[in-house]
Amino acid sequence: MAVQKLPLAKALNESLRKALDTDPKVLIMGEDVGKLGGVFRVTDGLQKDFGEDRVIDTPLAESGIVGTAIGLALRGYRPVVEIQFDGFVFPAYDQIVTQLAKMHARALGKIKMPVVIRIPYGGGIGAVEHHSESPEALFAHVAGLKVVSPSNSSDAYWMLQQAIQSDDPVIFFEPKRRYWDKGEVDVEAIPGPLHKARIDRSGSDITLAAYGPMVKVCVEAAAAAAEEGKSVEVLDLRSMSPIDFDTIQKSVEKTGRLVVVHEAPVFYGSGAEIAARITERCFYHLEAPVLRVGGYHAPYPPARLEEEYLPGLDRVLDAVDRSLAY
Amino acid sequence: MTVESTAARKPRRSTKRVSAAKEPQNSEPQLVQLLTPEGERVEHPEYEIDLTPDELRGLYRDMVLTRRFDAEATSLQRQGELGLWASLLGQEAAQIGSGRALRDDDYVFPTYREHGVAWCRGVDPTNLLGMFRGVNHGGWDPSTNNFHLYTIVIGSQTLHATGYAMGVAKDGADSAVIAYFGDGASSQGDVAESFTFSAVYNAPVVFFCQNNQWAISEPTEKQTRVPLYQRAQGFGFPGVRVDGNDVLACLAVTRSALERARRGEGPTLVEAFTYRMGAHTTSDDPTKYRADEERQAWEAKDPILRLRTYLENAGHADEAFFTSLDEESETLGKRVREAVRAMPDPDHLAIFENVYADGHALVDEERAQFLAYQASFAEEGN
């Protein structure tokens, strides 16, 4: 059966299994990825089937995980490391930014860094501090890194394969509150390019651009808006570095309006970059300023407040209304 | 030259090196020494070395040429040809001794001062100068000489070395990996994490700490409350302190640690107790933070002088050897000077090259914008 219905986490698991099976140089590394199968069970059963040499439980030291992955990549391996939660990546940030991102350039292209860093990210699961953040802009800002995030099971399966095959370091953000959402995965399909945006839903009045966990919210907002007679196009950007501006431009030239939606704080976020570039590219097509919906310039709040913090259906619809009011 | 096949090693009990006795971190107890500052050959119960006169002259030549190269680079910086230079003056024995202990298939992860180790690896010294001149950030292919790029953020490379060594073990190879770092870097979390990872995975890596007493203006007392080699004990592997100005001891101790790694017995920390005679880099002024007397005391322990005394007293080298080496030094200095002055600035488009292996739409877009901007001047006839 080529097409299977899988939860997003299971699609990632199948993707990792395939990568380990296909290429003996692929390694999985991280805290609790072995016997436990990861705290979200994304690596469930992999150590049992591929052994402790391929699926490596590491000491609890994020800089060490990424730093040794760099060394393993220099030796010809393709490490896929798991950072347990978004807020735990910062001890490894130095290795990612000062070492991993720059190694290829410093060697004038003579060495490659095929390292994938998987990070479960975003809120909405009622977690404690440091377990709900969206730091994607901090990585997208760094030249030498690529940053992607799937929003559904099929992309989870295929984008992870593509990230592992890439000779560049890829920060792979997994929308943790979508881990349990089921979707169809065609394991024999020919996937599109890793960094191409996808039109999730066509519309003619306004474009919503999102990625990862917010795609679902935007699709629901589009459905609600349709009941009021508004035709909303939803783009799943899939990649935050590079960003497929051509697809956004094409959509905005059609609709004349753009709202960018993400969980991360709006200030200096990916929405700012998209708004600036689309304003440059589509100035004469825009009927309204590009609006952004996202998190506030505040630490991610305690779980009892996250519903207020996270962009939900109403906040997205409010932005749609504001845009259409121009 | 090769010194691979000479010294026989005695098996040793590694735990002897890691006494928990309290001692000031910068005193010199338990220093493995085979050649005294006066140039006298002495024995050590656990480390011995037996080199031919030819091999001894080879070590001397390495140190002299490395010092000459270093002096030339310092001058080039003063003449404005290099933006910065990190001198190794005083650390020649630590670098040549450890560097000559390596096999070709071993892999080196340097910090930014390992010019002597690079020399031992056969890296053309002029290759080291590109980053200090500002034409690249490294530029050489690490796999050509198994010598990784210089790493500026201190301690980072100890993790790369550990990961690489984990890969060596996975491959079933019997080569070893060596990571260089300094006393300042020993304070970094990455160094502690590399100790943890290497111990847990029994990685074939040697941590070679050149304790040159100063991390820019901070003395070792600001980095540690125990002698650095004793750190290893807490991680479960041996640590040994060697006279870093004694090329023979550095060679013997490093060779022993590398062979231990090859035998699958895991990491070793070697602390080479030495002294940076010059500034941290050409940007700082050591007279502001340390006393002249200190440098003078260390000058008496000069690594090159002591080997020369030994060579002369033992009749291993005659005047012709030293004269010929002087000439070779001058030739090297001239070659380096000319190579630096001839080093072209990179093409402007190099900014956009090698940012990514598989390309990136934004880099392509910005390269095109840059080209269009440049072309606009031509159109205006400027």
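Here is a short report on the structure shown in this document. What you are looking at is a predicted structure, and each value in this text was computed from that prediction instead of being measured.

## Considering the pairing of strand S5 (residues 116-121) of chain A
Residues and elements named next belong to chain A.
Consideration 1: Of all six residues making up S5, six are buried, and the element is well covered by its neighbours.
Consideration 2: Residue alternation in S5 divides its side chains into two sets, Val 116, Arg 118 and Pro 120 and Ile 117, Ile 119 and Tyr 121, and both sets are buried.
Consideration 3: Sheet topology places strand S4 (residues 78-82) next to S5; three bridges connect them, and they run parallel. Its bridge partner lying in S5, Val 80 is registered against Val 116.
Consideration 4: Here S5 runs beside strand S7 (residues 170-175); their pairing, made up of six bridges, is parallel. Across the sheet, the residue bridging to Tyr 121 is Pro 175, located in S7.

## With respect to unusual backbone geometry
Consideration 1: The linkage connecting A:Ser241 with the following residue, A:Pro242, adopts the cis geometry, with an omega of -5°.
Consideration 2: For A:His130, which is not a glycine, the phi torsion comes out positive at approximately 70°.
Consideration 3: Within the secondary structure layout, A:His130 lies in the loop between S5 and helix H6 (136-140).
Consideration 4: With a phi angle near 80°, B:Gln213 is a residue other than glycine that sits in the positive phi range.
Consideration 5: Considering the arrangement of structural elements, one finds B:Gln213 in the loop between strand S4 (205-211) and strand S5 (214-215).
Consideration 6: The class for B:Gln213 is buried, based on a relative accessible area of 6%.

## A word on the pattern of salt bridges
Consideration 1: A complete count under the given rule lists 51 salt bridges over all chains for this structure.
Consideration 2: The salt bridge partner of A:Glu263 is A:Arg177, with a shortest N-O separation of 2.5 Å. Of this pair, A:Glu263 sits in strand S13 (residues 258-265) while A:Arg177 sits in the loop between S7 and strand S8 (182-186), placing them 86 residues apart in sequence. Take A:Glu263 and A:Arg177: they sit in the same class, and that class is buried.
Consideration 3: Residue B:Asp105 is joined to B:Arg103 by a salt bridge in which the shortest nitrogen-to-oxygen separation is 2.9 Å.
Consideration 4: Overall, the relative accessible area of 33% leaves B:Asp105 in the partly exposed class.
Consideration 5: Classification of B:Arg103 by relative accessible area gives partly exposed; the value is 23%.
Consideration 6: A cluster of three or more residues bridged by salt bridges with shared partners is formed by A:Asp246, A:Glu273, A:Arg277, A:Arg281, B:Glu365 and B:Glu366.

The rules we used
- Residues numbered from 1 in each chain as written.
- Chains lettered and ligands numbered in written order.
- Predicted model: local features only at pLDDT ≥ 70, side-chain atom pairs only at ≥ 80, totals over all residues.
- Heavy atoms only, no water.
- Buried < 20%, exposed > 50% of the residue type's maximum accessible area, 1.4 Å probe, protein only.
- Helix = DSSP H or I, 4+ residues; strand = E, 2+ residues; numbered from the N terminus.
- Pairing = 2+ DSSP bridges.
- Salt bridge = Lys/Arg side-chain N within 4 Å of Asp/Glu carboxyl O.

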